[in-house]
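Below, each chain spelled out in residue letters.
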Protein chains: 2
Amino acid sequence: MGREIISRSVIKRLPRYYSYLEELSQEGKVRISSKELADKMKLTASQIRQDLNNFGGFGHQGYGYNISDLRQEIGAILGVDEKLKAILVGVGNIGTALATQINFQKRGFDLIGLFDVDEDIVGKEVNGIKVTHMDDLSSFCEQNKPVTAVLCIPKAAAYDVAKKLIDNGVTSFWNFSHFDLNVNFDGIVVENVHLGDSLLTLSYMTKNR
Amino acid sequence: MGREIISRSVIKRLPRYYSYLEELSQEGKVRISSKELADKMKLTASQIRQDLNNFGGFGHQGYGYNISDLRQEIGAILGVDEKLKAILVGVGNIGTALATQINFQKRGFDLIGLFDVDEDIVGKEVNGIKVTHMDDLSSFCEQNKPVTAVLCIPKAAAYDVAKKLIDNGVTSFWNFSHFDLNVNFDGIVVENVHLGDSLLTLSYMTKNR
């Protein structure tokens with residue numbers, strides 16, 4: 001399979017392939033040609049074939065891809081079947097939206113804890129999970145050993161909270177705070193969602209089309 | 001200035017430069033060297049110099065960049081001073097979080113309307129803006145001429161809503177629905193925030209570090 005040699009640009013397209021194949025699968029479709037897949041994803045058929053050749057022999061000339069097999073293989077590469085324990089820190093608007101709206105299970109995570117410092121929020125239940133005070137983070141981590149943290153806290157608090165999480169064994173971050181974690185900590189994995197920067201990009205694209 | 005020849009990869013770094021320079025500016029800093037800026041942003045000093053050379057002579061050998069001037073110039077390129085009218089459709093958890101949490105003004109937009117179809121939500125005020133029913137979208141657009149829409153609706157509704165918006169003159173989208181707008185409509189500008197795909201990427205990175 002040679003999984004270790006999959007290039008970064010292919011990796012970045014995998015979630016899109018996966019989501020799309022999942023959708024086709026739910027619609028009951030069994031096969032799809034590289035041309036059809038290419039049209040739907042605004043890529044070229046040859047790019048699709050090249051990308052998917054990384055994952056073994058799911059394509060057959062003139063026959064297309066088996067959607068379910070391909071989806072399963074890409075899912076395995078993305079790690080959706082191996083659930084990592086995740087916690088979310090900062091149960092404000094964004095944090096609540098993520099805890100409520102995002103299906104963590106389907107994306108390889110098990111959301112097991114919510115944390116905040118606001119006494120008005122601590123003790124509330126969000127999507128069936130009770131919000132715990134940050135003071136109890138260490139004992140929670142000792143007991144449950146979460147690997148990943150979703151950070152939905154203001155930038156000003158991000159350094160201290162991230163440090164506390166790392167000291168308690170967290171090594172992977174889904175970062176919604178406008179704080180560059182990788183610059184400040186080594187040896188961690190970070191996926192940034194900088195919404196403000198995304199809106200600035202839209203501003204540029206709209207005004208310079 | 002040669003703004004039209006700024007490469008795509010530079011453009012993608014501009015929001016980060018801008019946010020960071022803004023922060024430095026707020027801290028009262030006046031100048032920064034390319035080395036210092038590089039360290040903070042995990043880029044090389046020569047990459048920084050190359051990027052910023054696109055924007056005229058703000059750097060001086062041994063003297064660094066004037067933070068305020070550089071921030072202003074990058075802001076002008078990103079279009080932060082020219083406010084485009086924006087509306088948000090889908091005032092659920094994510095929509096409410098964005099309307100409340102994101103400073104649109106600072107990023108070149110004026111959020112002037114919120115829309116939903118849910119009778120429990122219509123009429124409510126979110127961050128000082130009353131939620132309007134989608135039935136009134138056309139008359140609102142005719143009167144106010146919004147250019148940009150923030151889409152926070154389920155995938156199933158995305159095609160119809162996007163079509164209605166485009167028919168009413170909207171040409172630019174900040175897209176939080178898992179629906180590929182560009183594939184279905186031509187001549188529009190789209191900035192996607194696919195949170196599910198982002199979480200899948202984190203899953204891959206965490207399990208294959």
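Residues numbered from 1 in each chain as written. Chains lettered and ligands numbered in written order. Predicted model: local features only at pLDDT ≥ 70, side-chain atom pairs only at ≥ 80, totals over all residues. Heavy atoms only, no water.

Help me understand the overall build of chain A in this model?
Scanning chain A for helices and strands turns up 9 helices and 10 strands. Summarising its shape, the C-alpha atoms of chain A cover approximately 60 × 45 × 35 Å along the three principal directions. Relative to its 209 residues, chain A shows a buried fraction of 51%. Summing over all exposed atoms, chain A offers an accessible surface of approximately 9800 Å²; the carbon and sulfur share of this is 47%. Of the side-chain charges in chain A, 24 are positive and 26 negative, and the distance between the mean point of each set is 9 Å. (Helix = DSSP H or I, 4+ residues; strand = E, 2+ residues; numbered from the N terminus. Buried < 20%, exposed > 50% of the residue type's maximum accessible area, 1.4 Å probe, protein only. Areas by Shrake-Rupley, 256 points an atom, 1.4 Å probe, with all protein chains shown as cover. Lys, Arg positive; Asp, Glu negative; His and termini not counted. Charge placed at Lys NZ, Arg CZ, Asp CG, Glu CD.)

Can you help me understand empty space enclosed by the protein in this one?
If you roll a probe as big as a water molecule over the atoms, it shows you where there is empty space left. Tallied over the entire structure, the rule returns 2 cavities of 30 Å³ or more. Here the largest cavity is characterised by a volume of approximately 50 Å³. What lines the largest cavity is A:I94, A:A97, A:L98, A:F176, A:L195, B:I94, B:A97, B:L98, B:F176 and B:L195. Where the lining of the largest cavity is concerned, the elements lending two or more residues are α5 (93-101) of chain A together with α5 (93-101) of chain B. Looking at side-chain class alone, the lining of the largest cavity contains 10 nonpolar, no polar and no charged residues. (1 Å grid on protein atoms, 1.4 Å probe; cavity = no way out; pocket = protein on both sides within 12 Å on 5 of 7 lines; lining within 4 Å. Points joined across faces, edges and corners; volume = space filled by probe spheres on them. Nonpolar A, V, L, I, M, F, W, Y, C, P; charged D, E, K, R; others polar.)

What should I look at first to understand helix α9 (residues 195-207) of chain B in this one?
In an α-helix, one turn spans 3.6 residues; hence positions three or four apart end up facing the same way. For α9(B), built from 13 residues, the straight-helix expectation of 18 Å at 1.5 Å per residue is met to within 8% by its first-to-last C-alpha distance of 18 Å. α9(B) sits mainly inside the fold: 13 of its 13 residues count as buried. (Expected span 1.5 Å × (residues − 1).)

Teacher, can you tell me more about the layout of surface pockets here?
What the largest pocket holds in volume is close to 2000 Å³. Lining the largest pocket are 44 residues, and of these A:K12, A:E191, B:K12, B:E191 and B:N192 sit closest to its centre. Mapped by element, the contributors of at least two residues to the lining of the largest pocket are α1 (8-26), α8 (181-184), β10 (189-192) and α9 (195-207) of chain A together with α1 (8-26), α8 (181-184), β10 (189-192) and α9 of chain B. Considered class by class, the residues forming the lining of the largest pocket number 16 nonpolar, 12 polar and 16 charged.

Help me understand the relation of the copies chain B and chain A in this model?
These two copies of the chain differ by a rotation about an axis and a displacement along the same axis. Rotating chain B by 180° and translating it 0.0 Å along the rotation axis places it on chain A, where the RMSD comes to 0.0 Å. Here the copies are linked by what is in effect a two-fold axis. Take the interface residues of chain B: 98% of them recur as interface residues in chain A, which is what a same-surface contact looks like. (Least-squares fit on C-alpha atoms with pLDDT ≥ 70 in both. Contact = heavy atoms within 4.5 Å.)

What's the story with the side chain of A:N66 in this structure? I'm lost.
Residue and element names in this part refer to chain A. Structurally, N66 is set in strand β3 (residues 64-66). Look at N66 and you get buried, because its relative accessible area is 18%. Reaching out from N66, the side chain makes a polar contact with the backbone nitrogen of D69 at a distance of 2.9 Å. (Polar contact = N/O pair within 3.5 Å; in protein donor to acceptor, adjacent residues only side chain to side chain.)

How do you make sense of the side chain of B:T206 when you look at a structure like this?
Tracing the backbone through its elements, the reader meets B:T206 in helix α9. At 2.7 Å, the side chain of B:T206 and the backbone oxygen of B:L202 are in polar contact. Residues in contact with B:T206, not counting those within four places in the same chain, are A:L84, A:V147, A:T148, A:S172 and A:V189.

I'm lost on the interface of chain B and chain A in this one. Help?
Interface size, as often reported, equals the accessible area lost upon joining of the parts. Between chain B and chain A, the residue contacts involve 61 residues of the former and 60 residues of the latter. Across the interface of chain B and chain A, roughly 5400 Å² is buried in total on both sides, 64% from carbon and sulfur atoms. Applying the counting criterion to the chain B and chain A interface returns 6 salt bridges. Here B:D180 and A:R16 are joined by a salt bridge, their closest N and O atoms 3.3 Å apart. Counting residues per element, the side of chain B that touches chain A draws most heavily on α9(B), which supplies 13 residues. When its residues are assigned to classes, the side of chain B that touches chain A shows 27 nonpolar, 18 polar and 16 charged. (Buried area = accessible area lost by both parts, 1.4 Å probe. Salt bridge = Lys/Arg side-chain N within 4 Å of Asp/Glu carboxyl O.)

The values are spatial; any link to function lies outside them.
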